[in-house]
Amino acid sequence: MKLVVIGGTGLIGSKVVQLLWAEGHEVVAASPASGVNTLTGEGLEEALAGASVVVDLTNSPSFEDAAVLHFFQTSGRNLLSAEAIAGVKHHVVLSVVGTDRMLESGYFRAKFAQENLVKASDVSYTIIRATQFYEFAGGIAKASARGETIHLSPVHLQPIASNDIARAVAEVATGHPVNGTIEVAGPERIGLDELVRRYLRANHDPREVVTDPGARYFGALLREGSLTPAGTAKICTTKFDEWLERSQFTEKAFRGRSDGALTDARDLRRSRGSAGPDLRFQAREFPRIA
Ligand SMILES: NC(=O)c1ccc[n+]([C@@H]2O[C@H](COP(=O)([O-])OP(=O)(O)OC[C@H]3O[C@@H](n4cnc5c(N)ncnc54)[C@H](OP(=O)(O)O)[C@@H]3O)[C@@H](O)[C@H]2O)c1
């Protein structure tokens, strides 16, 4: 089975590519660096030839309202029409838990538009909504900084390690389309302010996090429940403190983000032929929410 991972050089994409490869699948990592551009359509026909599954793990280089909407709409349209022509059987896309509850935000309007294009297309699909990646805590701090302080709402989220979400995406990609939306989250609920506070402390970053219920998250006013998944979400196991410890502080996690994936792939290859981890899709673990 040939699988094409669009955005295969990204944080999640590179890990998914390696997991699928370690499982023995034919997998193509597609991105502008390999001559595949979903915005222009360049290289799509060639990359998708003979593919059964396409996993869309792209992200917009700009989060500015108009740019991000243009990115996800244009990329989504180009990709889905190329998939229909190529006879792709399963389109998998990674979105964000609570996307439809944060439409004040330009980023989430764009992700919602991306989801809706997928739902309206003729290609069978699975939309995976994930919670915030631990690796994204620094990005949240950056987006919420006002001078030397960081203003964040105390609402809860249930963040997840990128390795865990990559495994979930790989499982879904090798399973049957749900033609709906499933959710995947980490094991613990934590306040958004507290997550970033702990992240900064671990990185010896002296900046203060100010708890502010009115602080917006990428433009959206948050309420309790905005960022948390439904009770039916698949819950992954890596805790935030374990991740901080394993990545020996987040700066290193960023620098060596493919190191983490390579470790996974090596572990998987080592265990192939023995019992090995079972990455096959298990429908009962992923009840659809829509
Ligand atoms: N951050 C979070 O906490 C979070 C939570 C839930 C869901 N998500 C979703 O997860 C997805 C993946 O996020 P990520 O952090 O893994 O992204 P990322 O590391 O920023 O990677 C983005 C990928 O998209 C590729 N790309 C950019 N422009 C492209 C184009 N025109 N054509 C083809 N590929 C293009 C990039 O290629 P280059 O390497 O060549 O630039 C890269 O491979 C996003 O859609 C995001 O909304 C994120």
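Residues numbered from 1 in each chain as written. Predicted model: local features only at pLDDT ≥ 70, side-chain atom pairs only at ≥ 80, totals over all residues.

**Notes on the site of the ligand**
Part 1: In the vicinity of the ligand there are 25 residues, among which G7, G10, L11, S31 and F136 approach most closely.
Part 2: Of all the elements in the fold, those that place two or more residues in the shell around the ligand are α1 (11–22) and β4 (90–96).
Part 3: Considering each element in turn, the shell around the ligand owes the most residues, 3 residues, to α1.
Part 4: Here the shell around the ligand is composed, by residue class, of 14 nonpolar, 10 polar and 1 charged. (Near = placed C-beta within 6 Å. Helix = DSSP H or I, 4+ residues; strand = E, 2+ residues; numbered from the N terminus. Nonpolar A, V, L, I, M, F, W, Y, C, P; charged D, E, K, R; others polar.)

**Things to note about the sheet that holds strand β7 (residues 149–152)**
Part 1: Reading across the sheet, the 3 strands line up as β6-β7-β11 and stay open at both edges, with mixed pairing between neighbours. Each edge of the sheet is formed by a strand with only one pairing partner; in this case those strands are β6 (145–146) and β11 (208–211).
Part 2: Of the pairings in the sheet, the one linking β6 to β7 comprises 2 bridges and is antiparallel in character. Directly across from R146, in β7, lies its bridge partner T149.
Part 3: Packing of helix α7 (residues 192–202) onto the sheet brings it into contact with β7 and β11, and relative to β11 it is tilted by some 175°. (Pairing = 2+ DSSP bridges. Contact = placed C-beta atoms within 7 Å. Axes fitted to C-alpha atoms, helices over the stretch in contact; angles between N-to-C directions.)

**What about the packing of helix α3 (residues 65–86) against helix α4 (residues 106–120)?**
Part 1: Running from N to C, α3 and α4 cross one another at 15°; their axes reach a closest spacing of 8 Å. As summarised for this structure, α3 and α4 are arranged roughly parallel, according to the angle between their axes. Considering only the axes of α3 and α4, their crossing is right-handed. Contact residues: D65, V68, L69, F71, F72, Q73, G76, R77 and L80 in α3; G106, Y107, R109, A110, K111, A113, Q114, L117 and V118 in α4.
Part 2: Residue composition of the contact of α3 with α4, by class: 10 nonpolar, 4 polar and 4 charged. (Parallel < 35°, antiparallel > 145°, perpendicular 65-115°, else oblique. Left-handed = near helix turned anticlockwise from the far one by under 90°.)

**Some words on the packing of α1 against helix α6 (residues 162–173)**
Geometry of a packed helix pair, given as the angle between the helix axes and the separation of the axes.
Part 1: The geometry of α1 relative to α6 is characterised by a closest axis approach of 9 Å and an angle of 55° between their N-to-C directions. Viewed along their axes, α1 and α6 adopt a mutual orientation that is oblique. In this structure, the crossing between α1 and α6 has a hand that is right-handed. Along its contact with α1, which presents L11, I12, K15, V16, L19 and L20, the element α6 presents S162, N163, I165, A166, R167, V169, A170 and A173.
Part 2: A class-by-class count of the residues in the contact of α1 with α6 yields 10 nonpolar, 2 polar and 2 charged.

**Concerning the environment of V16**
Part 1: Relative to the helices and strands, V16 resides in helix α1.
Part 2: Taking the C-beta count within 10 Å as the criterion, V16 has 29 such neighbours and is therefore assigned buried.
Part 3: Beyond its immediate sequence surroundings of up to four residues, V16 is in contact with V5, V55, L57, A166, V169 and A170. (Buried ≥ 20, exposed ≤ 12 C-beta atoms within 10 Å, placed from the backbone.)

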